[in-house]
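Summary of structural features
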Amino acid sequence: MPFHGDVINQFEGYGELAELDWDAYRSRYSDIRRLDRILESEGDTVNRYQASKQADTLMLGHLFRPAELQELFDRLGYRLDDEVWRTTVNYYLTRTSHGSTLSSLVHGWVLARQKGPDVWRYWEEALLSDVADIQGGTTGEGIHLGAMAGTLDLVERVVAGLEAGPDGLRIDPIPLQEVPRCSFTFCYRGHRDIRIQFLPGRVGIRVPLSRLNPPLRVCLPGERLETVAAGEQRWFRLPERAVRRDNDGRHSARSTAASPRME
């Protein structure tokens, strides 16, 4: 696994490539998403620079949770703590032109997990990529299903934090200020149309009535194991770290007179 300093290299020798004057190119061109074409028009090539079209190294943060990444690197004999990963993320954020609509999606995902700024900006760009045809002509060739489905996947697996684990359905939400609540249905291990609702500080799970399927096993933050029987709905409180707060520290959710029963 190549490194230069505390940054994971995209490939061996990446850190030895020339630095690009990003500010100069942004001031000369209104859009540098297709940086490769811009440099070619100037008789240059992107292969000379520390520049990426999309999220490459940072795909690690899309494919694996932080704890999984640290475990994998440890098995390979490398150190990957929060500081090294944060340095790597910041390094590539400033050296990526986002020439792919998937790039914004992956960067939004990575920033959400490390609670970095600009999460919504990247996510919104991915949402609008085909609707607004941000690349100027690609929408006419077809909708990018990977990017579109990825925006929904981000709600389910990042905001809601759903993951199929050995102990059951794991729920470890990462609240976004712009998405304070959400609800959707999904299928999981024979259960159809499980409904999950996320509100600030709480989560509700409803499992449809079924005579064939066993109770749904749920693993909440803090390795708290619960079950929701078929035909039952239960509400659970989320720990403080999963409750979105405003800058002054107050809960962002308004209290209501009729709140669901918490467990």
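Structure first, text after, so check above.
So, here's what we can say about the structure. From a predicted model like this one, the values you see are computed outputs, not experimental measurements.

Some details on the packing of aromatic side chains
How two aromatic rings sit relative to each other is given by the distance of their centres and the angle of their planes. Tallying each qualifying case throughout the model produces 8 aromatic pairs. Between W120 and W123, the aromatic rings sit 5.1 Å apart at their centres with planes inclined by 80 degrees, giving edge-to-face as the arrangement. Placement of both W120 and W123 in helix α7 (residues 119–128) is noted, with a separation of 3 residues, approximately one turn of the helix. Of the residues examined, W120 reaches a relative accessible area of 26% and is grouped as partly exposed. You can call W123 buried: its relative accessible area is 4%. With 6.1 Å between their ring centres and 50 degrees between their planes, F184 and F186 make a pair best called tilted. Note on accessibility: F184 and F186 belong to one class, buried. An aromatic cluster of three or more residues is present, and its members are F11, Y14, Y91 and Y92.

Concerning the pairing of strand β4 (residues 168–171)
Across 4 bridges, the pairing between strand β3 (residues 162–165) and β4 is antiparallel. In the strand pairing of β4, A164 is matched with L169. Here β4 runs beside strand β8 (residues 216–220); their pairing, made up of 2 bridges, is parallel. Within β8, the position partnered with L169 by the bridge is V218.

Description of the sheet that holds strand β6 (residues 191–199)
Taken in spatial order, the 4 strands make up an open sheet running β5-β6-β7-β10, and their pairing is antiparallel. With partners counted over all chains shown, the strands left at the sheet margins are β5 (182–188) and β10 (233–237), one partner each. Across the sheet, the mean angle from the axis of one strand to that of its neighbour is 20 degrees, orientation sign disregarded. With 5 bridges joining them, β6 and strand β7 (residues 202–206) adopt antiparallel strand pairing. Within β7, the position partnered with L199 by the bridge is R202.

Conventions used here
Residue numbers run consecutively from 1 along every chain, following the written order of its sequence. Confidence filtering applies because this is a predicted model: local features only for residues at pLDDT of at least 70, side-chain atom pairs given and counted only at 80 or more, and all residues used for totals across whole chains, interfaces and linings. Note that the side-chain values use all heavy atoms of the structure and ignore hydrogens as well as water. The aromatic pairing rule takes the rings of Phe, Tyr and Trp, using the six-membered ring of Trp, and pairs them if the centres are within 6.5 Å, calling planes under 30 degrees apart stacked, those over 60 edge-to-face and the rest tilted. Elements are defined by DSSP. Helices are runs of H or I of four residues or more, strands are runs of E of two residues or more, and each kind is numbered from the N terminus. A simple rule labels every residue: compare its accessible area, found with a 1.4 Å probe on the protein chains alone, to the largest value its type can have, and call it buried under 20%, exposed over 50%, or partly exposed in between. Paired strands, in this sense, are two strands between which DSSP finds at least two bridges. Throughout, an axis means a line fitted to C-alpha atoms (over the contacting stretch in the case of helices), and angles, computed between N-to-C directions, take values from 0 to 180 degrees.

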